[in-house]
Amino acid sequence: MERTTCLVVGGGPAGMVLGLLLARGGVEVTVLEKHGDFLRDFRGDTVHASTLTLMDELGLGPAFEQVPHQDVDKLEALLDGGAKATIADLSRLPGPNKRIAMVPQWDFLDLLADAARLEPTFSLRMNTEVTAITKSGNRVTGVQYRDRVDGHEGEIAADLVVAADGRSSILRAAAELPVHSFGAPMDVWWFRLPRKETDDIKGGAGRFSAGSAMVLIPRGDYFQCAFLIRKGTDEALRAEGVEKFRQRVVTLVPWLADRVDHITGIDDCKLLDVKLDRLRRWHVDGLLCIGDAAHAMSPVGGVGINLAVQDAVAAATLLAKPLREGGVTSATLAKVRGRRLFPTLVIQTVQRVIHRLFLGRKLNSTETVSRTGVPLPLRIAQKLPFLQAVPAYVVAIGPRPEHAPEFARRAPQVITRS
Ligand SMILES: Cc1cc2nc3c(=O)[nH]c(=O)nc-3n(C[C@H](O)[C@H](O)[C@H](O)COP(=O)(O)OP(=O)(O)OC[C@H]3O[C@@H](n4cnc5c(N)ncnc54)[C@H](O)[C@@H]3O)c2cc1C
């Protein structure tokens with residue numbers, strides 16, 4: 001049977017950052033990813049200030065700047081009549097990174113993989129899907145996998161298995177870790193519309209109206225659009241057809257009328273089944289969950305990638321030495337949750353409040369657009385702009401930002417891209 005010290009399941013932001021950091025800490029680490037590459041449907045582009053600072057600490061700042069990306073220094077609300085209001089002003093953030101970088105997630109993951117491959121103790125196996133955990137008594141001792149190219153099956157044993165396999169984690173289910181689900185009032189349809197030079201939207205912009213809401217994320221020559229629908233209405237809305245949907249988009253954001261025809265069919269809209277949940281325990285003996293596998297986040301604030309990255313940094317900081325010395329106990333694993341529970345709890349509570357008091361009400365409202373007005377907190381923030389620093393901090397840095405452990409820090413590096 002194959003063997004490694006730390007087996008990370010899932011090559012998303014959590015898994016790749018953990019793999020890189022542990023390898024830099026001298027731990028033998030293997031990351032298993034079921035896909036053949038990182039290129040897949042949109043699932044988040046936002047690399048926040050806390051993650052940018054981490055990239056600098058890891059010496060990957062210059063390499064990150066080479067990746068095509070767009071910097072956003074403001075999050076705005078689109079108001080009636082084409083006016084705008086600033087929700088969050090990132091230029092007011094402390095520290096060198098006063099921005100959110102919009103980077104296709106596959107480019108970000110490719111960069112992490114290229115950096116990790118420089119470490120002799122790192123190994124990444126693509127097309128390798130974990131199908132089950134293996135146990136000895138109550139202790140998780142490894143995984144079973146299937147190679148998706150040639151179909152062969154095998155087992156890998158490890159001192160520690162880390163489930164970084166995302167919001168539908170099969171490992172957390174196999175370990176029977178109890179989940180606390182909070183529900184959500186909405187699902188999201190993702191689709192693209194062309195972006196023009198003349199469009200006056202530089203950062204993420206949201207339009208919230210009675211019965212519907214939409215967020216536009218600039219991504220080069222197109223907008224990645226998130227259209228919020230009431231939870232469970234996907235099928236009914238699809239049945240209405242594409243023309244009706246185009247009308248909904250134009251009613252919400254009239255200046256998109258000149259390009260909604262680019263939505264050629266209703267299948268252009270990909271459903272994100274919004275989930276907000278959290279494990280009560282993040283570990284069993286021999287297995288730890290991090291990132292979305294430990295806590296699926298709502299898309300509100302686009303914080304999922306960054307929380308996943310921060311979990312990975314905390315896990316690497318706490319586990320590198322015990323892994324090197326062969327002393328990972330349940331108590332050590334519990335410390336990771338102990339460190340990351342507070343920020344997770346704070347962000348999820350903010351998301352739940354926004355779901356309940358704002359988005360849920362908006363989506364269920366039947367008022368006309370002209371009567372919806374500007375919410376009071378937003379009006380106050382326009383009068384007192386320094387308040388725009390608060391949402392900027394919560395979203396882009398968040399509570400308890402993690403910093404790279406000493407063993408993982410490097411001087412700015414040139415990374416040869418594969
Ligand atoms: C449509 C969409 C839009 C989003 N938008 C944003 C956004 O704008 N900003 C933001 O911050 N967050 C966003 N998110 C959330 C963000 O993508 C996640 O929070 C973040 O990617 C979580 O990272 P992770 O590493 O924990 O899990 P994931 O990114 O989900 O990575 C899990 C990895 O595990 C692999 N995997 C799963 N099962 C197995 C298995 N059995 N064997 C081997 N590999 C496996 C998967 O292929 C995947 O690569 C969005 C999510 C979705 C779905």
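Per chain, residue numbering runs from 1 following the sequence as it is written. The predicted origin of the model limits local features to residues at a pLDDT of at least 70 and limits the giving and counting of side-chain atom pairs to 80 or more, whereas totals for whole chains, interfaces and linings rest on all residues. Hydrogens and water are ignored here; the side-chain numbers use all heavy atoms of the structure.

The protein chain carries the name 2-polyprenyl-6-methoxyphenol hydroxylase in an unreviewed UniProt entry, which gives Lentzea jiangxiensis as its organism.

A.B. asks: Break down the overall build of the protein chain for me, with residues and values.
C.D. replies: Within the protein chain one finds eleven helices and 20 strands. Overall, the protein chain is about 65 × 45 × 35 Å in size when its C-alpha atoms are taken along their principal axes. The long-range fraction of contacts in the protein chain, counting pairs at least 24 apart against all pairs at least 6 apart in sequence, stands at 75%. Residue exposure ignores everything except the shown protein chains as possible cover, and the areas themselves are Shrake-Rupley values with a 1.4 Å probe. Summing over all exposed atoms, the protein chain offers an accessible surface of approximately 17,800 Å²; the carbon and sulfur share of this is 54%. Just so you know, the count uses Lys and Arg for positive and Asp and Glu for negative, and it drops His and the chain ends. Where a charge lies is defined by one atom per residue type, namely NZ (Lys), CZ (Arg), CG (Asp) and CD (Glu). Charge separation in the protein chain, taken as the distance between the mean sites of 53 positive and 48 negative side-chain charges, equals 7 Å. By the criteria applied, helices consist of DSSP H or I runs no shorter than four residues and strands consist of E runs no shorter than two, each listed in order from the N terminus. Here, two residues are considered to be in contact whenever any of their heavy atoms come within 4.5 Å of each other.

A.B. asks: Give a description of the pattern of salt bridges that names residues and reports values.
C.D. replies: Think of a salt bridge as a Lys or Arg side-chain nitrogen and an Asp or Glu carboxyl oxygen that are within 4 Å of each other. As enumerated under the stated definition, the model contains 28 salt bridges in all. Salt-bridge contacts for Arg409 lead to Glu57; the nearest nitrogen and oxygen are separated by 3.8 Å. Remark: Glu57 occurs in helix α2 (residues 49–57) and Arg409 occurs in the segment after α11 (389–396); sequence separation between them is 352 residues. Only protein chains enter the calculation, and the probe is 1.4 Å; a residue is then buried if its accessible area is under 20% of its type maximum, exposed if over 50%, and partly exposed in between. For Glu57, a relative accessible area of 14% gives the class buried. Across the salt bridge formed by Lys84 and Glu76, the nearest N and O atoms sit 3.6 Å from each other. For Lys84, a relative accessible area of 30% corresponds to the partly exposed category. The exposure class assigned to Glu76 is buried, which follows from its relative accessible area of 12%. The structure contains a network of salt bridges with shared partners spanning Lys196, Asp199, Asp258 and Arg259.

A.B. asks: Summarise helix α1 (residues 13–24); cite the residues concerned and give the values.
C.D. replies: Over its twelve residues, α1 runs 17 Å from end to end, which matches the ideal 16 Å to within 8%, given 1.5 Å per residue. For α1, a buried count of twelve out of twelve residues is recorded, marking the element as mostly surrounded by other parts of the structure. Of all the residues in α1, the buried ones are Pro13, Ala14, Gly15, Met16, Val17, Leu18, Gly19, Leu20, Leu21, Leu22, Ala23 and Arg24. The span one expects for a helix is its residue count, reduced by one, times 1.5 Å.

A.B. asks: Tell me about the sheet that holds strand β14 (residues 205–209), and name the residues and values.
C.D. replies: Paired through backbone hydrogen bonds, the strands of a sheet run either parallel or antiparallel to each other. Ordered by their spatial adjacency, seven strands build an open sheet running β6-β5-β14-β15-β16-β13-β17, and the pairing between neighbours is mixed. The two strands at the open ends of the sheet, each matched to only one other strand, are β6 (84–89) and β17 (270–272). Within the sheet, the average angular offset between the axes of one strand and its neighbour, ignoring direction, is 25°. As judged from the five bridges shared by β14 and strand β15 (residues 212–219), these two strands associate in the antiparallel manner. In the strand pairing of β15, Ser209 is matched with Ser212. Pairing between strands is defined by DSSP: at least two bridges between the two strands are required. With axes taken as lines fitted to C-alpha atoms, and helix axes fitted only over the stretch in contact, angles between N-to-C directions fall between 0 and 180 degrees.

A.B. asks: Can you tell me about the environment of Phe38, naming the residues and giving the values?
C.D. replies: Relative to the helices and strands, Phe38 is located in the loop between β2 (29–32) and β3 (46–47). Taking the C-alpha atoms as reference points, Phe38 and Gly12, 26 residues apart in sequence, are found 8.2 Å from one another. Look past the residues within four positions of Phe38 in its chain and what remains in contact with it is Gly11, Met16, Trp106, Leu109, Asp110, Ala113, Leu124 and Met126.

A.B. asks: Outline the sheet that holds strand β7 (residues 100–102), supporting the account with residue identities and numerical values.
C.D. replies: As summarised here, the arrangement of the three strands in space is β3-β7-β4, forming an open sheet in which the pairing is antiparallel. The open sheet has two edge strands with one neighbour each: β3 and β4 (70–72). By the bridge criterion, two bridges tie β3 to β7 in an arrangement that is antiparallel. Paired with Val47 across the two strands is Ala101, which belongs to β7.

A.B. asks: If you had to explain the packing of aromatic side chains to someone new, which residues and values would you point to?
C.D. replies: Classification of ring pairs uses Phe, Tyr and Trp, with its six-membered ring standing for Trp, and accepts pairs whose centres are within 6.5 Å; under 30 degrees between planes counts as stacked, over 60 as edge-to-face, and the remaining range as tilted. Counting across every chain of the model gives six aromatic pairs. A centroid spacing of 6.3 Å and a plane angle of 80° characterise the contact between Phe64 and Phe108, whose relative ring orientation is edge-to-face. Residue Phe64 is found in helix α3 (residues 61–66), and its partner Phe108 is found in helix α4 (residues 105–116); the two are separated by 44 residues along the sequence. Residues Phe64 and Phe108 agree in their burial class; the two are buried.

A.B. asks: Describe unusual backbone geometry, with residues and values.
C.D. replies: A positive phi is found at Asn127, a non-glycine position, where the angle reads about 55°. Tracing the backbone through its elements, the reader meets Asn127 in the loop between β8 (122–125) and β9 (128–136). Using a relative accessible area of 23% as the deciding quantity, one classes Asn127 as partly exposed. Backbone geometry places Glu176, a non-glycine residue, at a positive phi of 55°. Looking at where Glu176 falls in the secondary structure, it is placed in the loop between α5 (170–174) and β12 (179–181).

A.B. asks: Can you break down the nonpolar core residue by residue, with the values?
C.D. replies: Counting residues in each nonpolar core, the largest one holds 77 residues, and the members touching the most others are Leu287 and Ile290. Looking at this core, the element that brings in the most residues is helix α8 (residues 304–325), giving ten residues. Beyond its immediate chain neighbours, meaning those up to four positions away, Ile290 contacts Ala14, Leu18, Val162, Ala163, Ala164, Asp311, Ala312, Ala315 and Val336. As used in this record, nonpolar core signifies buried Ala, Val, Leu, Ile, Met, Phe, Trp, Tyr and Cys residues forming a set joined through side-chain atoms within 4.5 Å. Of all hydrophobic cores here, the second largest spans 24 residues; its members include Ala184, Ile217, Ala392 and Ala396.

A.B. asks: Explain the domain arrangement of the protein chain to me, using residue names and the numbers behind them.
C.D. replies: For interface size, the figure often reported is the accessible area lost on association. Domain start and stop points were drawn from an automatic or database domain assignment. The assigned domain composition of the protein chain is domain 1 (2–68 + 103–182 + 276–362) and domain 2 (186–230 + 232–272). Each of domain 1 and domain 2 has a C-alpha centre, and the two are 31 Å apart. Accessible area, probed at 1.4 Å, shrinks when two parts are joined; the buried area is that loss added up over both. Overall, the association of domain 1 and domain 2 removes approximately 1,000 Å² of surface from exposure, summing both partners, and the carbon and sulfur fraction of that is 72%. Note that Arg219 and Asp45 form a salt bridge whose closest N and O atoms lie 2.6 Å from each other. Here a polar contact is recorded for every N or O atom pair within 3.5 Å, except that within protein the pair must consist of a potential hydrogen donor and a potential acceptor, and residues adjacent in sequence are included only if both atoms are side-chain atoms. Summed over the shared surface of domain 1 and domain 2, the result is two residue pairs in polar contact (both at pLDDT 80 or more). Ranked by residues supplied to the side of domain 1 that touches domain 2, first place goes to helix α9 (residues 330–364) with four residues. Amino acids outside the nonpolar list (Ala, Val, Leu, Ile, Met, Phe, Trp, Tyr, Cys, Pro) and the charged list (Asp, Glu, Lys, Arg) are all regarded as polar, and Gly is one of them. Of the residues contributing to the side of domain 1 that touches domain 2, the split by class is seven nonpolar, two polar and four charged.

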